[in-house]
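So the chains spell out like this:
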Amino acid sequence: MRVTLCQALLTAAIAVNLLVLYWVSGGPRRRPPGPGERRRTTTTTAKPDVTVLIREFEDFENGVSGVVESFLRERPELPVLVVVDRPPPYPPLRLPVGENVRMVTLEPGPEPEGPAPDRDPGRLEGLLTTQFVLLVPDGARLDSARQLQRLVRELEAGRARLLAAPLQTRTPHRDPHCLNLTVNLREWTAVYAPDPRGRSCGAVAGEAVVLLRSRDLLTLWRPLARPLLPALYLQASLRGWPVQLTAPGLAFSSRHRSLFASDHNRHKAEQRGHQRWATFLGQVGVKRVVAADGRERWFGCGKDTPRCFGTVAADTPDYLYRGRWTPPCCLRALRETTRRVTRVLEASGVRYWLEGGSLLGAVRHRDIIPWDYDVDLGLYREDVAKCEALSGLSASGSVVDEEGFVWEKAAEGDFYRVQYSRSNRLHVDLWPFFPRDGVMTRSGWTGHRQDVEFPEHFLKPLVAIPFAGGRVLAPNNPRRFLELKFGVGAIENPEYPNPLEKRLAKMEEVPELLH
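Overview of the structure. (Residues numbered from 1 in each chain as written. Predicted model: local features only at pLDDT ≥ 70, side-chain atom pairs only at ≥ 80, totals over all residues. Heavy atoms only, no water.)

For the rest of this paragraph, the subject is the nonpolar core. Counting 62 residues, the largest nonpolar core has Leu-345, Leu-390, Trp-407 and Leu-430 as the members making the most contacts within it. Among the elements that make up this core, the one with the highest residue count is helix H9 (residues 328-348) (eight residues). Discounting residues that sit within four places of it in the chain, Leu-390 has contacts with Leu-345, Leu-379, Val-384, Trp-407, Tyr-416 and Leu-430. The next biggest cluster of nonpolar side chains, apart from the first, holds 45 residues, and it includes Leu-220, Ala-231, Leu-234 and Trp-241. (Core = buried A, V, L, I, M, F, W, Y, C linked by side-chain atoms within 4.5 Å. Buried < 20%, exposed > 50% of the residue type's maximum accessible area, 1.4 Å probe, protein only. Helix = DSSP H or I, 4+ residues; strand = E, 2+ residues; numbered from the N terminus. Contact = heavy atoms within 4.5 Å.)

Here it is as structure tokens:
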């Protein structure tokens, strides 16, 4: 039977309509998966919710290409940012080619006609277009796409702002673990301590992959400072953001142990890490770090460096205007200088005593006042000849003793000064007094608040009291002596040296009075 063209077109139209009705009505009915069967999933092309950011690696030896490949193998659509300090890294990085893989430079390149760096926060914000950012250290490997999904769900479900997934190691005692972290910028100090709680903490010791919201990273003061994770934890601590350490089941595998096989490269990486940490601490203003094992590391001034602050104007050092107290390295230098001076004076038979604000600190704290910048000692003028370190000093000369302390006659008045070193001018001032009709006086005054004559009976006898880690001689009735110098209530009502310039805020916590 012959089929006309009209019949063929009509048949085709009916077939198309039936097919459309079939799919609109729901298509074939699928039976639910039986026992032991896995439901099939389809690949989605949804916009990625995580950007992978690789920052912590060394240019001279790294496995960055392997890190990138492991993530793209599981999630080909993930945006990846590899951040370097200056272009081009050497040796060159062999990154997988793709529109979603980008190298970001933070500093200008060697050629002035080259592109501008990506250090502008606005540009960085333009690069981080996803809700979350995953900070991945060198050597980490993504085992499955589900791993990322679980991390995102855990961060969204918890209260922590940072989620740290550990990197697996072969040595269990070195596995990442929680630490308490207390940062006190007023005292220039960061203190780490073991955290028995185990999961929510201030910092994580050891290698980890960290997930946080992109907006949180962008609000940090130095979002990409190195070393990346220690700098991140410290800045998060200042904002009160807790870090959540994930369970071992979310740990990432690692190839990091295969890096730095040579002693030379390992030493080079360690040295760079120390230098970066010191640089960051200097930027943020931390000069003393106490590790979880109790060891201290100092990042401030020492014998061979200038002190941490300049010339003091109006009895008010510059750090008080910044809401800080005396840097701990300066307090340490003052304590060492005080112990050296008092040992020499006592060995020479010189009668000395704590004066002014230093005595106030001894009575109130058994130490230097936390915001003070020098130490004052009084002494009998007639005893100066007993001390060889003082008796031979001229108005223009100075003597460096065998421990590096500098003894000199002060140019600005009738007193002596002992400096911590030639480079570091933290000092102890020695004020000569002499008795006149039972009253201790001086031949010249400097206009300080404590420049007051006082009865000699305060010095008969002198008594030893705790101060600056040792015992130092002081007037026999310190409270009455201080009330004569500063007025009643001086011990219980702390104040900065010159309240007319800068007052101690009443809400500032002052170390507890000891006496």
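The next point concerns the environment of Val-52. Take Val-52: it is sitting in strand S1 (residues 50-54). Along the backbone, Val-52 and Leu-81 are 29 residues apart, and their C-alpha atoms lie at a distance of 6.2 Å. The residues touching Val-52, leaving out its near neighbours within four places in the chain, are Phe-71, Leu-78, Pro-79, Val-80, Leu-81, Leu-134 and Val-136.

Looking now at the sheet that holds strand S7 (residues 177-184). Either a parallel or an antiparallel arrangement is found when strands of a sheet pair, and the pairing is made through backbone hydrogen bonds. The five strands lie next to each other as S10-S7-S8-S14-S15, forming an open sheet whose pairing is mixed. Two strands close off the open sheet at either side, each with one partner strand: strand S10 (203-205) and strand S15 (296-298). The sheet shows a mean angle of 25 degrees between the axes of neighbouring strands, taken without regard to direction. (Pairing = 2+ DSSP bridges. Axes fitted to C-alpha atoms, helices over the stretch in contact; angles between N-to-C directions.)

Going through the model one piece at a time under the given rule, you end up with 15 aromatic pairs. Taken together, a centroid distance of 5.1 Å and an interplanar angle of 65 degrees make the contact between Trp-325 and Trp-371 edge-to-face. With Trp-325 in the loop between helix H8 (318-321) and H9 and Trp-371 in the loop between helix H10 (356-365) and strand S17 (375-380), this residue pair connects regions lying 46 residues apart in the sequence. Classification of Trp-325 by relative accessible area gives buried; the value is 1%. Here the aromatic cluster, defined as three or more aromatic residues joined through ring pairs, consists of Trp-353, Tyr-380, Phe-433, Trp-445, Phe-454, Phe-458 and Phe-481. Arg-324 extends its terminal NZ or CZ atom over the ring of Trp-188, reaching a point 4.5 Å from the ring centre. Sitting above the plane of the Tyr-416 ring, Lys-409 keeps its charged end 5.6 Å from the centroid. (Phe/Tyr/Trp six-rings, centres within 6.5 Å; stacked < 30°, edge-to-face > 60°. Lys NZ or Arg CZ within 6 Å of the ring centre and 35° of its normal.)

A few words now on the state of the cysteines. Applying the stated criterion to the full structure yields one disulfide. Each disulfide pairs two cysteine sulfurs, and for Cys-178 the partner residue is Cys-201, the sulfurs being separated by 2.1 Å. The S-S bond linking Cys-178 to Cys-201 shows a torsion near -65 degrees; that makes this disulfide left-handed. Residue Cys-178 is found in strand S7, and its partner Cys-201 is found in strand S9 (residues 200-201); the two are separated by 23 residues along the sequence. Given the relative accessible area of 4%, Cys-178 is considered buried. Between Cys-329, a cysteine without a disulfide, and Cys-308, which holds the nearest cysteine sulfur, the sulfur-to-sulfur distance is 3.4 Å. (Disulfide = S-S within 2.5 Å.)

In helix packing, the relevant descriptors are the interaxial angle and the interaxial distance, both defined with respect to the helix axes. Between helix H6 (residues 228-238) and helix H7 (residues 263-284), whose axes approach to 11 Å, the crossing angle comes to 20 degrees. Comparing their axes, H7 and H6 come out roughly parallel. The hand of the H6/H7 crossing is right-handed. For the pair H6 and H7, the contacting residues are Pro-230, Ala-231, Leu-234, Gln-235 and Leu-238 in the first and Trp-277, Phe-280, Leu-281 and Val-284 in the second. Tallied by class, residues from the contact of H6 with H7 come to eight nonpolar, one polar and no charged. (Parallel < 35°, antiparallel > 145°, perpendicular 65-115°, else oblique. Left-handed = near helix turned anticlockwise from the far one by under 90°. Nonpolar A, V, L, I, M, F, W, Y, C, P; charged D, E, K, R; others polar.)

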